[in-house]
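Chains, contacts and geometry: an overview
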Amino acid sequence: MSRRQAREELFKLVFESELKSESTKEVFESYLERIKDQKRTEEENLELKIEEIETENLEASKAEDLNEENPNVQEIILGGNDLKFVEKYMTGITEHNEEILEAINNNIVGWTFERIGTVEKSLLKTTVYELMFEDTPYEIAINEAIELAKLYGDDKTAEFVNGVLAKIIKNIKK
């Protein structure tokens, strides 16, 4: 999985946190449980398919092909480094939530964090955390946020998120 996909997964988890009004830590723990459950289900389904193939006396190579078509679910969802990336960011967002919200609220003109949409909240929280507490170049963090805004938001989401992030960067550089 690419870092872009890991950021998208992070965005989805922060989005879930905002919707459920749960901490990012709680949502991440729930996510890990879902991965385990999904992996178990996929492994059970794979075993049933292999048994079915063997019962029908199909060639062994077809069983091997089936194994290749169904890689480990955890790798599909998140690989080792990407899972660590998401865990680090989810933990960081929890630990620095007050600072993140303060930075956002100080840079939203005519709005408060509570009044903006869930997509915007989630994108801003993840990106502001990255800008303030990680060594990611600003251009990369903002580009990723804008791409996700275009994918998950409405017509104005990307413009709004870009404007707020630009102000935050100005203040960080001071």
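Being a predicted model, the structure only gives us computed values, none of them experimental.

1. Section: the overall build of the protein
- Each helix and strand counted, the protein has nine helices and zero strands in total.
- Its helices and strands taken in sequence order, the protein reads α-α-α-α-α-α-α-α-α from the N to the C terminus.
- Put simply, the protein has 174 residues, and 40% of those count as buried.
- Considering only contacts in the protein between residues 6 or more positions apart, those separated by 24 or more positions represent 73%.
- Accessible area for the protein stands at about 10,400 Å²; split by element, carbon and sulfur atoms hold 47% of it.

2. A look at the side chain of Arg7
- Relative to the assigned elements, Arg7 resides in helix H1 (residues 3-20).
- Taking the relative accessible area as the measure of exposure, Arg7 reaches 9% and is therefore buried.
- In this structure the side chain of Arg7 is engaged in a polar contact, spanning 2.6 Å, whose partner is the side chain of Glu130.

3. Quick notes on the pattern of salt bridges
- Taken as a whole and assessed by the stated rule, the structure comprises nine salt bridges.
- A salt bridge links Glu144 to Arg4, with the nearest nitrogen and oxygen atoms 3.1 Å apart. Taken together, the residues Glu144 in helix H8 (residues 138-152) and Arg4 in helix H1 connect sequence positions 140 residues apart.
- Residue Glu144 is classed as buried on the basis of its relative accessible area of 10%.
- The closest approach of N and O atoms between Lys150 and Glu147, which form a salt bridge, is 3.8 Å. Here the residue Lys150 and the residue Glu147 both occupy positions in helix H8, the gap between them amounting to three residues, near one helical turn.
- Residue Lys150 is classed as exposed on the basis of its relative accessible area, which comes to 55%.

4. Structural notes on the confidence of the model for the protein
- Of the residues in the protein, 82% reach a pLDDT of 70 or more, and the chain-wide mean stands at 84.
- Model confidence for the protein, summarised as mean pLDDT per element, is weakest for helix H4 (residues 73-77) at 43 and strongest for helix H7 (residues 118-133) at 96.
- Contacts of residues 69-76 to residues separated by more than four positions or lying in other chains number eleven contacts, the stretch itself having pLDDT below 50.

5. Some details on the packing of H1 against H7
- As a packed pair, H1 and H7 sit with axes 9 Å apart at the nearest point and diverge in direction by 125°. The angle between the axes of H1 and H7 places the two elements in the oblique class. In terms of crossing hand, the pair formed by H1 and H7 is right-handed. From H1, Arg7, Leu10, Phe11, Val14, Phe15, Glu18 and Leu19 reach across to H7, where they touch Thr118, Val119, Lys121, Ser122, Leu123, Lys125, Thr126 and Glu130.
- In terms of residue class, the contact of H1 with H7 is built from seven nonpolar, three polar and five charged.

6. Here we look at the packing of aromatic side chains
- Per the counting criterion, the structure on display carries seven aromatic pairs.
- Taken together, a centroid distance of 4.2 Å and an interplanar angle of 35° make the contact between Phe85 and Tyr89 tilted. One end of the pair, Phe85, and the other, Tyr89, are both in helix H5 (residues 80-95), four residues apart, so they sit about a helical turn from each other.
- Assessed through its relative accessible area of 6%, Phe85 is described here as buried.
- Ring centres 5.1 Å apart and planes at 70° place the aromatic pair Tyr89 and Tyr129 in the edge-to-face group. With Tyr89 in helix H5 and Tyr129 in helix H7, this pair connects stretches of sequence that are 40 residues apart. The residues Tyr89 and Tyr129 share a single accessibility class, namely buried.
- Ring pairs connect the aromatic residues Phe85, Tyr89, Tyr129 and Phe133, which therefore count as one cluster.

Cut-offs used in this document
- Residues numbered from 1 in each chain as written.
- Predicted model: local features only at pLDDT ≥ 70, side-chain atom pairs only at ≥ 80, totals over all residues.
- Heavy atoms only, no water.
- Helix = DSSP H or I, 4+ residues; strand = E, 2+ residues; numbered from the N terminus.
- Buried < 20%, exposed > 50% of the residue type's maximum accessible area, 1.4 Å probe, protein only.
- Contact = heavy atoms within 4.5 Å.
- Areas by Shrake-Rupley, 256 points an atom, 1.4 Å probe, with all protein chains shown as cover.
- Polar contact = N/O pair within 3.5 Å; in protein donor to acceptor, adjacent residues only side chain to side chain.
- Salt bridge = Lys/Arg side-chain N within 4 Å of Asp/Glu carboxyl O.
- pLDDT = per-residue confidence, 0-100.
- Axes fitted to C-alpha atoms, helices over the stretch in contact; angles between N-to-C directions.
- Parallel < 35°, antiparallel > 145°, perpendicular 65-115°, else oblique.
- Left-handed = near helix turned anticlockwise from the far one by under 90°.
- Nonpolar A, V, L, I, M, F, W, Y, C, P; charged D, E, K, R; others polar.
- Phe/Tyr/Trp six-rings, centres within 6.5 Å; stacked < 30°, edge-to-face > 60°.

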